[in-house]
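Residue-level listing of the chains:
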Amino acid sequence: MTDVPDCVYVPDGERYVPTSLARGPWGDFISGQYVGGLMAAAIERRIDDADLHPARLTVDLSARTALEPVTVRTTVRREGARLRLIDAEMIQGERTVAHARSVYLRRGEQTPNEVWSTPVEMPPMPPIPETPQDGATSHGEIFSADHPGEPGADLRIWQTTGQKFIWLTYITPLIRGEKLTPFVRAALVADSSSAMVNYGTTGLHVINADYTVTLSRLPEGPSIGVAAMTQSSDAGIASGSVLLFDGNGPIGNAVTVSIANGGFRPHTHSPE
């Protein structure tokens, strides 16, 4: 490809103009990862205290977002000694197309304690490419328990009933002139949880209506690993959860609610 954009959004005053990289796999609309990622970036700008940690972000994808300029408005709903609650809404034209709510908690002393958790072992983290493929914003290495030792970018690896994994590295800036922060990286990766938990023997047949990411700590390094954990569905409604990792171990979870939808047309380089 030629003339590949150098970012997903170009700032234009209070607006953000999506480039062709913003297109998702369901048609000529902005991908949910870039909807949530942009609202996460706007929310993070409202934090002026380094001891506040982004413990939760919920993104409601209430409408399809056209490949047209958007604005993001944020509101601090609560500001206490140990908690800050911030909302965001994405507006396109005169319509609100998405909402987000974040909970920031104040970091404190870690009490010594041993707690049970589901044991999960991620596949080894792959090498990080210096530049993405043409037309890609990220590099993904996909794994399936049914195909051990066969990572790649081909989603047919996930057309099994086995547990699924991916290491995702976002390389292209979300907003021109701004570096990706750990929180925004986590928000971008969390959107892939719907594809991971709902991909089966005949492909992907649901689209996520929302997703929530919870973080006990921020990811270190550019790559975030995702392990599919649970999935249940009935009458075209699906729910699922994943575990998030960095190179040092688990960092949090993501959950998603999805609804039956046809026409999934993935890019070859990424699951979203």
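Cut-off values and rules
Residues numbered from 1 in each chain as written. Predicted model: local features only at pLDDT ≥ 70, side-chain atom pairs only at ≥ 80, totals over all residues. Heavy atoms only, no water. 1 Å grid on protein atoms, 1.4 Å probe; cavity = no way out; pocket = protein on both sides within 12 Å on 5 of 7 lines; lining within 4 Å. Points joined across faces, edges and corners; volume = space filled by probe spheres on them. Nonpolar A, V, L, I, M, F, W, Y, C, P; charged D, E, K, R; others polar. Buried < 20%, exposed > 50% of the residue type's maximum accessible area, 1.4 Å probe, protein only. Helix = DSSP H or I, 4+ residues; strand = E, 2+ residues; numbered from the N terminus. Contact = heavy atoms within 4.5 Å. Salt bridge = Lys/Arg side-chain N within 4 Å of Asp/Glu carboxyl O. Core = buried A, V, L, I, M, F, W, Y, C linked by side-chain atoms within 4.5 Å. Pairing = 2+ DSSP bridges.

*Asks:* Just to check I follow, could you spell out empty space enclosed by the protein for this structure?
*Replies:* It is the rolling of a water-molecule-sized probe over the atoms that shows where space remains empty. Enumeration according to the criterion identifies one cavity of 30 Å³ or more in this entry. Its volume calculated, the largest cavity comes out at about 30 Å³. As for the largest cavity, its lining consists of Met125, Pro126, Pro127, Ile128, Pro129, His139, Trp167, Thr169 and Ser223. Residue composition of the lining of the largest cavity, grouped by class: six nonpolar, three polar and no charged.

*Asks:* Would you mind showing me how to read helix H2 (residues 182–190) here?
*Replies:* An α-helix turns once every 3.6 residues. As a result, residues three or four positions apart point the same way. Among the nine residues in H2, eight count as buried, and that is most of the element. If you check which residues of H2 are buried, you get Phe183, Val184, Arg185, Ala186, Ala187, Leu188, Val189 and Ala190.

*Asks:* Where do I start with the environment of Val197 in this structure?
*Replies:* Locating Val197 in the fold gives a position in helix H3 (residues 193–198). Once the C-alpha coordinates of Val197 and Ala228 are considered, the two residues, 31 residues apart in sequence, prove to be 5.5 Å apart. Setting aside residues up to four positions removed in sequence, Val197 forms contacts with Ala228, Thr230, Gln231, Gly240, Ser241, Val242 and Thr256.

*Asks:* Please explain the pattern of salt bridges as it appears in this structure.
*Replies:* Charged atoms that come close allow side chains of opposite charge to pair. All chains considered together, the criterion is met by 10 salt bridges. We note a salt bridge from Glu178 to Arg45, for which the minimum N-O separation is 3.1 Å. A residue pair is termed long-range when its members are at least 10 positions apart, and Glu178 in the loop between strand S8 (164–170) and H2 and Arg45 in the loop between helix H1 (32–44) and strand S3 (52–60) qualify at 133 residues. Residue classification places Arg45 among the partly exposed positions, given a relative accessible area of 43%. A salt bridge links Glu79 to Arg84; the nearest nitrogen and oxygen atoms lie 3.0 Å apart. Each of Asp48, Glu79 and Arg84 takes part in one network of salt bridges that share partners.

*Asks:* Would you take a moment to explain the nonpolar core for this structure?
*Replies:* As a rule of thumb, soluble globular proteins bury nonpolar side chains together. By size, the foremost hydrophobic cluster in this structure holds 64 residues, and its most contacted members are Tyr9, Tyr34, Met39, Leu57, Met90 and Leu174. In terms of residue count, the dominant contributor to this core is H1 (eight residues). Setting aside residues up to four positions removed in sequence, Tyr9 forms contacts with Tyr16, Val17, Pro18, Ile30, Tyr34, Val35, Leu38, Val70, Met90, Leu174, Ile175 and Arg176. With seven residues, the next largest nonpolar core counts Met122, Phe165, Trp167 and Ala227 among its residues.

*Asks:* So what exactly am I meant to see when it comes to the pairing of strand S11 (residues 237–246) here?
*Replies:* Successive residues of a regular strand alternate their side chains across the two faces of the sheet. Extensive coverage of S11 is indicated by the burial of eight of its 10 residues. Note that strand S10 (residues 223–234) and S11 share nine bridges and pair antiparallel. If you follow Val226 over to S11, its bridge partner there is Leu244. Connecting S10 to the antiparallel partner S11 that follows it, the hairpin turn spans two residues, and Ala235 within it adopts a positive phi of roughly 55 degrees. Direction of pairing for S11 relative to strand S12 (residues 249–260): antiparallel, over a ladder of 10 bridges. What sits directly across from Asp246, in S12, is Gly249. Counting the residues that bridge the hairpin from S11 to S12 gives two residues.

These figures capture arrangement, not role.
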